[in-house]
Amino acid sequence: MLRNQMAVGALALSVVLLGAAAASAAITVQSVRGKLTSSDDEADEKGKFKIRAAERGEESREGIRVRAVKLDATADDAGDLPVYDLWLVDSTGDTEADFGDLDLRESGRARFRFSSKTTSLPAGVDAIRDFGGGTIEIRDADGVVVISDDIPDFIGLDDENSEGSGAGARGRDKERLTRPIDAEGESKGAIKAHVANTPNGVFERLTVSVKGLASADGAYDVVAIDGDGDETVLGEIETVTRAGVGVLRLQERDDEDIPGGGIDVLAGFDVEVRNADGDVVLSGVYPTIE
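In short, a report on the structure.

Definitions and limits used
Residues numbered from 1 in each chain as written. Predicted model: local features only at pLDDT ≥ 70, side-chain atom pairs only at ≥ 80, totals over all residues. Heavy atoms only, no water. Helix = DSSP H or I, 4+ residues; strand = E, 2+ residues; numbered from the N terminus. Salt bridge = Lys/Arg side-chain N within 4 Å of Asp/Glu carboxyl O. Buried < 20%, exposed > 50% of the residue type's maximum accessible area, 1.4 Å probe, protein only. Contact = heavy atoms within 4.5 Å. 1 Å grid on protein atoms, 1.4 Å probe; cavity = no way out; pocket = protein on both sides within 12 Å on 5 of 7 lines; lining within 4 Å. Points joined across faces, edges and corners; volume = space filled by probe spheres on them. Nonpolar A, V, L, I, M, F, W, Y, C, P; charged D, E, K, R; others polar. Phe/Tyr/Trp six-rings, centres within 6.5 Å; stacked < 30°, edge-to-face > 60°. Lys NZ or Arg CZ within 6 Å of the ring centre and 35° of its normal. Patch = residues over 30% accessible without salt bridge, like charges linked within 9 Å, V, L, I, M, F, W, Y side chains within 5 Å. Areas by Shrake-Rupley, 256 points an atom, 1.4 Å probe, with all protein chains shown as cover. Lys, Arg positive; Asp, Glu negative; His and termini not counted. Charge placed at Lys NZ, Arg CZ, Asp CG, Glu CD. Pairing = 2+ DSSP bridges.

Focus on unusual backbone geometry
The phi dihedral of Lys70 falls on the positive side, at around 65°, and the residue is not glycine. As for its placement among the helices and strands, Lys70 is situated in the loop between strand E3 (59-69) and strand E4 (85-89).

Pasting the structure below:
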């Protein structure tokens, strides 16, 4: 039976549980990144970018971050620095959009940040993800492309990925674990799942956290139960400190596996934390990541 690894204090766990007190809200994040270079091999300008898209329920947020160095920062006669704009071009080349100016410094360093939370998308643009497979360009005031790069295709959690793709996706969800209605005390807990699809492989992690369970009662079993009543033992939690804090951490990586075959297999199952007598002290639902 898998044993928990205690590496967190009561204060840190209290923060985790406080976050879990909010309503469950699964979130999925897709991101792509790359390096901006010039078509001129002898040019010094270069940069890097990251585009991120997050979904939480019906809410969607997208953002772009760019850093560039060694851009021409020669001021004009009025003392004004050159202007560089960030453009995205879709994979067909038929749609392009100006997302605004870079913040250029006299040193030739420049930064750019865009967030759909605070700034409207350019006219005619429905989503930044629509530019996946296209190009990102830094253009000067005359419209000349100074540095650019291909934008990787955005991928989902279940899509194939490979080393050097520049694309990734991750999802997370958490659910509360609550004590039985007729139970006394202030025990509570949370179960949190995380899945990451990276160029280096797919990784899964599950964390079950509890607080307020008596240490004198020994180890607590954590089980997932399907609709037919069949059980999958996730592991054991041994509580420590006066606060009755305990953590079970599981990950599917290298030689470790998450019991039951993975997070997606157990999604939506009932979850119970039981004491040594088999009594349910906390219960909830296994997180669902889509």
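On we go.
Some thoughts on the pattern of salt bridges
In total, this model carries eight salt bridges according to the counting rule given. Across the salt bridge formed by Arg274 and Glu272, the nearest N and O atoms sit 2.9 Å from each other. Given the relative accessible area of 16%, Arg274 is considered buried. You can call Glu272 buried: its relative accessible area is 19%. Here the salt bridges share partners, and the residues they tie into one network are Glu55, Glu62 and Arg129.

Some details on the environment of Ile138
Here Ile138 is to be found in strand E8 (residues 135-139). Between the C-alpha atom of Ile138 and that of Leu36, which follows or precedes it by 102 residues, the distance is 8.5 Å. With near-sequence residues (within four places) excluded, Ile138 lies in contact with Leu36, Val66, Tyr84, Asp85, Leu86, Leu102, Val144, Val145, Val146 and Ile147.

Some points on the environment of Lys46
The topology assignment puts Lys46 in strand E2 (residues 46-56). The sequence separation of Lys46 and Ala68 amounts to 22 residues, and the corresponding C-alpha distance is 5.7 Å. If sequence neighbours within four positions are ignored, Lys46 has contacts with Leu36, Arg67, Ala68, Val69 and Ile147.

Some points on the layout of surface pockets
Taken as a whole, the largest pocket spans an internal volume of roughly 960 Å³. Surrounding the largest pocket, 34 residues form its lining, Phe49, Lys50, Ile64, Arg65 and Val66 being those nearest its centre. Elements with a minimum of two residues in the lining of the largest pocket: strand E1 (27-36), E2, E3 and strand E7 (110-115). A breakdown of the residues in the lining of the largest pocket according to their chemical character gives ten nonpolar, five polar and 19 charged. Computed from the structure, the second largest pocket encloses a volume of approximately 240 Å³. Lining the second largest pocket we find 15 residues, and of these Ser31, Arg33, Gly168, Ala169 and Arg170 sit closest to its centre. Looking at the lining of the second largest pocket residue by residue, the classes come out as five nonpolar, six polar and four charged.

Section: the packing of aromatic side chains
Inspection of every chain in the model, using the stated rule, returns two aromatic pairs. Plain terms: the ring middles of Phe99 and Phe114 are 5.3 Å apart, the flat faces sit at 90° to each other, and that makes the pair edge-to-face. Residue Phe99 is found in strand E5 (residues 96-101), and its partner Phe114 is found in strand E7; the two are separated by 15 residues along the sequence. Taken together, the ring pairs in this structure connect Phe99, Phe114 and Phe131 into an aromatic cluster. The cationic tip of Arg139 hangs over the ring face of Trp87; the distance from NZ or CZ to the ring centre is 4.2 Å.

Examining a negative patch on the surface
On the surface, a cluster of negative charge is contributed by Asp158, Asp159, Glu160 and Asp264. Within the fold, Glu160 resides in the loop between strand E9 (145-150) and strand E10 (167-178).

A word on the pairing of E3
Across eleven bridges, the pairing between E2 and E3 is antiparallel. Looking at the pairing, Gly47 lines up with Ala68 of E3. Joining the antiparallel neighbours E2 and E3 is a turn of two residues, in which Gly57 adopts a positive phi near 65°. With six bridges joining them, E3 and E7 adopt antiparallel strand pairing.

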